[in-house]
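Given next are the chains, with one letter for each unit.
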Amino acid sequence: MRKSVTGDRVAGGIFILLGVVSFIEGLRLRPLRARGMPGDDAFPTLLGLVMVGLGAYLAIKSSRQPRPVSWPDRRQAVSMLASGAILVGYWLLLPLLGFPISTFMASAGLFYNFGHYRWHVCLLLSAVVTAAFHVLFVTWLTMPFPEGVFGI
Amino acid sequence: MDAFSHLITGLQAALSISNLLMALVGALLGTLVGVLPGLGPTSTMAMLIPLTAVLSPSSAIIMMAGIFYGAQYGGSTTSILVNIPGEVSSVPTLLDGYPLALQGKAGPALGIAAIGSFVAGTGGVIGLTFFAPVLADQALRFGPPEYFALMVLALTVMVSVSGSSIIKGLLIGAFGYLMSLVGIGPTSGLPRFHYGAPVLYGGFETVTMAMGVFAIAEVLAGLEESRKAVTHHKIEKLFPNLRDVRQTMPAMLRGGTIGFLLGLLPGCNPAVTAFISYDVEKKVSRHPERFGKGALEGVAAPESANNATSSAAFVSLFALGIPASPALAVLMGGLMIYGLQPGPLLFRDRPDFVWTIIGSMYIGNVMLLVLNLPLVGLWARLTRAPYAIMAPVILILCLIGSYSLRNSTFDMGMTLIFGVIGYFIRKYGWPTAPLVLCGILGPILEKSLVNSLAMSAGSPMIFVTRPICLALLVAAVALLLISLKVLRKNVKEEY
């Protein structure tokens, strides 16, 4: 009988991998420790061993208990990916375009993606949100944000 | 009583128009700072230090103290309403607060959080008033071994917040701990897990992890479910009733006591006391299976604990001159600008100043309750606002909040990455709280272990030869056994 690859088995594999990474880092730091005393290597090494052990246990145990998981349909997946793309765009454009412009663009895109409002409604909502955050964070709390190429 | 008469004098001074105004400004700012994720009291207080040039010493310190303890009040609002922890210490609050909001009970949850914060915050100030010197001396007996044992005790909370699978909870906790190892090592001062990228030298902020795993992941899940609002349940009541208050008062008192006693220890994070009090409350409850699904006690206990901790932190500041946290270090800086050196001599040389501050803390707690309680109904109604409007605001707010931590877009990116990780963690039914818990405890655990072994020249016997340390370790084992027993009982009842 062919065993299906369950989520827990994949997770177990991921944790084994992370454990190995942590263990290797511990080995790298080992020469830096003082004799007889735990150094910066102690916890990465210990954590690595724990993660490998528990990850292996989970991967083995999972074959008896597959867990059904529901995934988003095509439409929902596209919407989620679009939101992710907008947020990544916001992250990348903030230093380039500055706080007001990038926030305005990102929030307009998100309002459209989440609510499928008409564009003029999205732009209006986005303007309100951007203005509110600008007053709150920049004017009142004087947080320093990047000004971008336009110097705003 | 000497302290009582000093307090009356202090209250009279605190009731002046200028001091009342400063207390109000501090309370408002603190609440706002607590509500906004990523923005902590430390940076806000630091930004307001220049005001010390124009304000009197008592007015400036009253305002900054108000920001400090007000932030603990505000942190619960977004935790309960939209699953965003405003402060890391509000993470335990969302474990039951957000489920309550989903059931249309955001009003009672917010109300209980405000009342619990007031009860415990005021109780903490009473402790500060009458017991500061005695308690401060006892707190000095805590060294690295005791801190290590305390962190081990706090780690037992992982069992309570791991759901039905301890293995998964341990693995998620280990992952959270692994994330906290990134950055500069405590002994060598050299970076770990950097792989040649200087941006990793600073490590990951715990707030970044919390916002990603809880808030971003929640919004992604809401998008997947095509949610129309945070809750579709009818909002049954906007405020807690007397029965809710009576039901949760023991939790408030227990949480407040735990928060105050642990908060006396310099460096004790309010998040640690909040998690511990949540765990204790779950253990003493006759129905622990309600926790994680919308138990009001699960909101009352951690909120009371974190507010009591913020009051207790002033004990070590005023009585010993030790700032318990970065925020109080900023406040101490403000004091020193005025030529005031915190410590036992401050009580002797400037009793008028110290007792004015303490008097204002009583007033500040009342102000916070008066400010927050009427707004509960308004906040609760937000849970019925269109999700298509709430969700983009939440996402943008999270990213702005993460940027504001260190003025770095790196933290924004990490919030997004943790958001994706959090989405998959939830998808497969894994617990998320252990990730944040171990992210907070891990560095303290490691540092205290290393310092303890340095004290004992490498001998682990130091942990069993010091009475307080041994008592805490025994308590940790006892709590672990109780947690396992409760977990086994819950799993049996569920299946």
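Residues numbered from 1 in each chain as written. Chains lettered and ligands numbered in written order. Predicted model: local features only at pLDDT ≥ 70, side-chain atom pairs only at ≥ 80, totals over all residues.

Caption draft 1: Examining the overall build of chain B more closely. Along the backbone of chain B there are 21 helices and two strands. For a compact globule of 495 residues, the expected C-alpha radius of gyration is about 23 Å, and chain B comes in at 22 Å, within 12% of that figure. C-alpha extents for chain B along the principal axes are approximately 65 × 55 × 50 Å. Within chain B, the fraction of its 495 residues that count as buried is 60%. (Helix = DSSP H or I, 4+ residues; strand = E, 2+ residues; numbered from the N terminus. Rg over C-alpha atoms; globule rule 2.2 N^0.38 Å. Buried ≥ 20, exposed ≤ 12 C-beta atoms within 10 Å, placed from the backbone.)

Caption draft 2: Layout of the overall build of chain A. Counting its regular elements, chain A contains five helices and zero strands. Its helices and strands taken in sequence order, chain A reads α-α-α-α-α from the N to the C terminus. Expressed along its principal axes, the backbone C-alpha trace of chain A runs to roughly 60 × 55 × 25 Å. Of all 152 residues assigned to chain A, the portion counted as buried reaches 33%.

Caption draft 3: Spotlight on the confidence of the model for chain A. Averaged over chain A, the pLDDT score is 88; the fraction of residues at 70 or greater is 93%. Taken element by element, chain A is modelled with least confidence in helix α2 (residues 42–61) of chain A, mean pLDDT 91, and with most confidence in helix α4 (residues 99–115) of chain A, mean pLDDT 95. (pLDDT = per-residue confidence, 0-100.)

Caption draft 4: Highlighting the packing of helix α1 (residues 7–29) of chain A against α2 of chain A. Residue and element names in this part refer to chain A. Two elements in contact, α1 and α2, have axes separated by 7 Å at closest approach and are oriented at 160 degrees. One way to sum up the angle between α1 and α2 is to call them roughly antiparallel. Classified by chirality, the crossing of α2 by α1 is left-handed. For the contact of α1 with α2, the per-class residue count stands at 16 nonpolar, eight polar and three charged. (Axes fitted to C-alpha atoms, helices over the stretch in contact; angles between N-to-C directions. Parallel < 35°, antiparallel > 145°, perpendicular 65-115°, else oblique. Left-handed = near helix turned anticlockwise from the far one by under 90°. Nonpolar A, V, L, I, M, F, W, Y, C, P; charged D, E, K, R; others polar.)

Caption draft 5: Highlighting the packing of α4 of chain A against helix α5 (residues 119–140) of chain A. All names here are of chain A. Between α4 and α5, the least distance of the axes is 8 Å, while the angle of their chain directions is 140 degrees. One element, α4, and the other, α5, form an angle in the oblique class. Judged by the sense of rotation from one axis to the other, the crossing of α4 with α5 is right-handed. Contacts between α4 and α5 involve Phe99, Pro100, Thr103, Phe104, Ser107, Ala108, Phe111 and Tyr112 from the first element and Trp119, Cys122, Leu123, Leu125, Ser126, Ala127, Val129, Thr130, Phe133, His134 and Val138 from the second. (Contact = placed C-beta atoms within 7 Å.)

Caption draft 6: Quick peek at helix α19 (residues 433–455) of chain B. Residues and elements named next belong to chain B. Along its 23 residues, α19 runs 33 Å from first to last C-alpha, staying within 8% of the 33 Å computed at 1.5 Å per residue. Its axis deflected by about 35 degrees at Leu441, α19 carries its strongest bend there, up to four residues before the proline Pro443. The buried fraction of α19 amounts to 17 of the 23 residues, a majority that puts the element mostly inside the structure. Just beyond α19, the residue with positive phi is Ala457, at close to 55 degrees. (Expected span 1.5 Å × (residues − 1). Bend = angle between axes of the 7 residues up to and from the residue.)

Caption draft 7: Looking closely at the interface of chain B and chain A. Facing 46 residues of chain B, the contacting portion of chain A comprises 50 residues. Elements that contribute at least two residues to the side of chain B that touches chain A include exactly α3 (41–47), α9 (166–181), α10 (206–224), α17 (387–406), α18 (409–427) and α19 of chain B. Among the elements that make up the side of chain B that touches chain A, the one with the highest residue count is α17 of chain B (ten residues).

Caption draft 8: Quick look at unusual backbone geometry. Residue and element names in this part refer to chain B. A positive phi angle, near 50 degrees, is found at Tyr195, a position not held by glycine. Within the secondary structure layout, Tyr195 lies in the loop between β2 (191–192) and α10. Unusually for a residue other than glycine, Asn407 sits at a positive phi of about 50 degrees. Here Asn407 is to be found in the loop between α17 and α18.

Caption draft 9: Inspection of the domain arrangement of chain A at higher detail. Along its sequence, chain A is carved into domain 1 (7–64) and domain 2 (74–140). Of note, the centres of domain 1 of chain A and domain 2 of chain A, computed from C-alpha atoms alone, are 40 Å apart. (Domains from an automatic or database assignment.)

Caption draft 10: Geometry of the environment of Thr31 of chain B. Residue and element names in this part refer to chain B. The residue Thr31 is located in helix α2 (residues 17–35) in this model. The class for Thr31 is buried, based on 25 C-beta atoms found within 10 Å. The sequence separation of Thr31 and Ser285 amounts to 254 residues, and the corresponding C-alpha distance is 30 Å. Not counting chain neighbours up to four residues away, the residues in contact with Thr31 comprise Gly70, Tyr73, Gly74, Leu368, Leu371 and Asn372.

Caption draft 11: Expanded view of α10 of chain B. Residues and elements named next belong to chain B. In this model, α10 (19 residues) spans 26 Å end to end at C-alpha, consistent with the 27 Å of a helix rising 1.5 Å per residue. At Gly212, α10 shows its largest bend, some 30 degrees. The buried count for α10 comes to 17 of 19 residues, which makes it a mostly enclosed element. Residue Ser226 follows α10 closely and has a positive phi angle near 55 degrees.

Caption draft 12: Examining the environment of Leu481 of chain B more closely. Within the secondary structure layout, Leu481 of chain B lies in helix α21 (residues 467–494). When the C-alpha atoms of Leu481 of chain B and Ser5 of chain B are compared, they prove to be 47 Å apart, with 476 residues separating the residues in sequence.

Caption draft 13: Representation of the environment of Gly13 of chain A within the structure. Tracing the backbone shows Gly13 of chain A in helix α1. Each C-alpha atom, one on Gly13 of chain A and one on Leu58 of chain A, is 8.7 Å from the other, the two residues being 45 residues apart in sequence.

Caption draft 14: Representation of the confidence of the model for chain B within the structure. Summarising the model, chain B shows a mean pLDDT of 85, and 96% of its residues fall at 70 or more. We note a pTM of 0.83 for the whole complex and an ipTM of 0.92 for its interfaces.

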